[in-house]
Amino acid sequence: MTVFFIGAGPGDPDLITVRGQRLIRSCPVILYAGSLVPEAVLEGHQAHTLVNTAELELAKIIRMLAEAHSRGEDVARVHSGDPSLYGAIGEQIRQLRRLGIPYQIVPGVTATAACAALLGCELTLPQVSQTLILTRYPSKTEMPDGEQLGDLARHRATMAIHLGVRQLPRIVAELLPYYGADCPIAVVHRASWPDQDKVQGTLADIEAKVAEKDFRRTALILVGRVLTAEDFADSSLYSAAKDCAPAV
């Protein structure tokens with residue numbers, strides 16, 4: 001048997017991969033993170049065991065995976081977004097390795113990608129930013145040395161900040177010295193869900209705008225000049241000049 005860590009995408013059931021959907025519909029055991037994965041993602045499943053793991057401790061989850069392994073049954077372990085990003089699969093994988101239980105990771109659409117789609121922008125633009133930093137704001141889990149928001153902001157790259165909407169004033173204060181008060185910023189609430197919403201502004205006014213919306217959780221912050229940039233060079237990918245380059 002195999003435990004498949006499946007990225008269900010950001011919320012819209014249409015955004016799961018074909019492979020992820022196929023596995024959900026074929027695996028006899030499904031364990032899913034119900035607080036973030038909509039039930040619509042599970043439509044068409046034929047599993048005899050379907051468990052919402054939102055309230056379960058790690059030991060219980062591993063025990064269920066081990067029991068499925070003993071029966072020779074594949075497991076669809078469904079997480080939101082892409083499971084390799086803030087998916088809490090690392091500790092599960094560590095236990096599976098110790099127990100000799102095989103696993104695979106099935107990638108999914110990230111929340112960052114869904115936010116960019118809603119905002120209608122490219123996150124990497126020539127001469128503006130060619131780097132995207134995915135990070136989070138510390139709450140229960142402290143950041144390692146060198147990964148504080150100020151350390152990352154020095155690069156002035158496009159940044160996606162998870163789990164930080166409740167700390168927006170502190171985030172703005174840490175970003176201001178590097179990005180400037182006029183830097184565009186967006187806060188996206190539940191991207192791709194039916195109730196998705198967004199606020200766009202600058203570091204100078206975003207706090208007031210978000211307060212009006214009363215976003216408190218399940219929101220991602222995007223900051224960077226790419227969000228509103230118009231004065232940037234065309235990519236060389238489609239440049240006519242590339243056909244004129246001398247042969248090497």
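All figures in this text were calculated on a predicted structure; none of them were measured in a lab. (Residues numbered from 1 in each chain as written. Predicted model: local features only at pLDDT ≥ 70, side-chain atom pairs only at ≥ 80, totals over all residues. Heavy atoms only, no water.)

Looking at the domain arrangement of the protein
Spelled out, the test is: Domain extents, as shown, originate in an automatic or database domain assignment. Residue contacts follow a heavy-atom distance rule, with two residues in contact if any of their heavy atoms lie within 4.5 Å. What gets called buried area is simply the loss in accessible area from a 1.4 Å probe that two parts show on being joined, summed for both. Whenever Lys or Arg places a side-chain nitrogen within 4 Å of a carboxyl oxygen from Asp or Glu, that contact is recorded as a salt bridge.
For the protein, the domain assignment lists domain 1 (3-106) and domain 2 (111-227). Domain 1 and domain 2 are separated by 29 Å when their C-alpha centres are compared. Every contact between the two is made by eight residues of domain 1 and, on the other side, nine residues of domain 2. Between domain 1 and domain 2, a total of about 690 Å² is buried, with carbon and sulfur atoms accounting for 71% of that surface. Remark: the boundary between domain 1 and domain 2 carries zero salt bridges.

Some words on the pairing of strand β1 (residues 3-7)
What counts, and what does not: Exposure is judged per residue with a 1.4 Å probe applied to protein chains only, and the accessible area is read against the type maximum: over 50% gives exposed, under 20% gives buried, and values in between give partly exposed. What counts as a helix is a DSSP run of H or I of at least four residues, what counts as a strand is a run of E of at least two, and both are numbered from the N terminus. At least two bridges found by DSSP between two strands is the condition for calling them paired.
Burial of β1 is extensive: five of the five residues sit out of reach of the surface. On β1, burial covers both faces: V3, F5 and G7 on one face and F4 and I6 on the other are all buried. Relative to strand β4 (residues 75-79), β1 runs parallel, the two being bridged by five bridges. Within β4, the residue paired with G7 across the bridge is H79.

Focus on the nonpolar core
Taken as a class, soluble globular proteins show a tendency for nonpolar side chains to be buried jointly. To keep things clear, this is the line we draw: Throughout, nonpolar core names a set of buried Ala, Val, Leu, Ile, Met, Phe, Trp, Tyr and Cys residues whose side chains join them through atoms within 4.5 Å.
Core analysis: the largest hydrophobic core is formed by 25 residues, its most contacted members being M159 and L175. Every element with two or more residues in this core is listed here: α5 (149-153), β7 (158-162), α6 (168-179), β8 (184-189), α7 (206-213) and β10 (219-223). A total of five residues in this core trace back to one element, the largest contributor, which is α6. Leave out the neighbours within four places in its chain, and L175 touches L149, A153, M159, I161, G180, L203 and V223. Grouped together as the second largest cluster of nonpolar side chains are 17 residues, F4, I6, V37 and V106 included.

As for helix α2 (residues 58-71)
Using the following cut-off: Helix span, as expected, comes to 1.5 Å for every residue beyond the first. To be clear, the arc concerns the directions from the helix axis to the C-beta atoms.
Across its 14 residues, α2 extends 20 Å between first and last C-alpha, which sits within 8% of the 20 Å expected from 1.5 Å per residue. Considered for burial, the residues of α2 that qualify are I61, I62, M64, L65 and A68. Summarising the axial view, the buried residues of α2 lie within an arc of 160°, below the 170-degree limit, and thus occupy one face. Taken together, the buried residues of α2 touch β1, β2 (29-32), β3 (49-52), β4 and α3 (90-99).

With respect to the sheet that holds strand β6 (residues 132-136)
Worth spelling out the cut-off: Note on definitions: angles span 0 to 180 degrees between N-to-C directions of axes, and those axes are lines fitted to C-alpha atoms, for helices only across the stretch in contact.
Strand order in the open sheet formed by five strands is β6-β7-β10-β8-β9, and the pairing between neighbours is mixed. Two strands in the sheet have a free side with no partner beyond their single neighbour: β6 and β9 (197-202). Recorded for the sheet is a direction-independent mean angle of 15° between the axes of neighbouring strands. Strand direction decides the pairing type here: β8 and β10, joined by five bridges, are antiparallel. Within β10, the residue paired with H189 across the bridge is A219.

Looking at the UniProt feature "domain: Tetrapyrrole methylase" (unreviewed entry) in the protein
Which entries qualify depends on this criterion: UniProt positions are given in the numbering used here, feature names are shortened, and annotations may be inferred rather than shown by experiment.
Here, UniProt's "domain: Tetrapyrrole methylase" (unreviewed entry) annotation points to residues 2-206. With 29% helix and 21% strand, the stretch residues 2-206 has end C-alpha atoms that lie 46 Å from each other.

A look at the sheet that holds β4
Sheet architecture is open: five strands sit in the order β3-β2-β4-β1-β5, paired in parallel fashion. Unpaired on one side and paired on the other, β3 and β5 (103-106) mark the two borders of the sheet. In this sheet, neighbouring strand axes are inclined to one another by 15° on average, regardless of whether the strands run parallel or antiparallel.

Section: the side chain of T158
Applicable threshold: Pairs of N or O atoms within 3.5 Å make up the polar contacts considered here, provided that, within protein, one atom can donate a hydrogen while the other can accept it, and that residues adjacent in sequence are counted only when both atoms are side-chain atoms.
The topology assignment puts T158 in strand β7. Residue class for T158 comes out buried when judged on its relative accessible area of 1%. A distance of 3.0 Å separates the side chain of T158 from the backbone oxygen of L123, its partner in a polar contact. Excluding residues that lie within four positions of it along the chain, T158 makes contacts with L123, S129, T131, L132, I133, V223 and V226.

Describing the layout of surface pockets
Put simply, the rule reads: Using protein atoms alone on a 1 Å grid, points that fit a 1.4 Å probe yet trap it form a cavity, whereas open point sets bounded by protein on both sides within 12 Å along at least five of seven lines form a pocket; residues with an atom within 4 Å of a point count as lining. Grid points are joined across faces, edges and corners, and a volume is the space filled by probe spheres set on the points.
Taken as a whole, the largest pocket spans an internal volume of roughly 1600 Å³. Taken together, 49 residues make up the lining of the largest pocket; nearest its centre are L36, S80, Y86, H162 and L163. Of all the secondary-structure elements, those providing two or more residues to the lining of the largest pocket are α2, β4, α3, α4 (111-119), β6 and β10. Element by element, the count of residues in the lining of the largest pocket is highest for β6, at three residues. Each of domain 1 (3-106) and domain 2 (111-227) contributes no fewer than three residues to the lining of the largest pocket.

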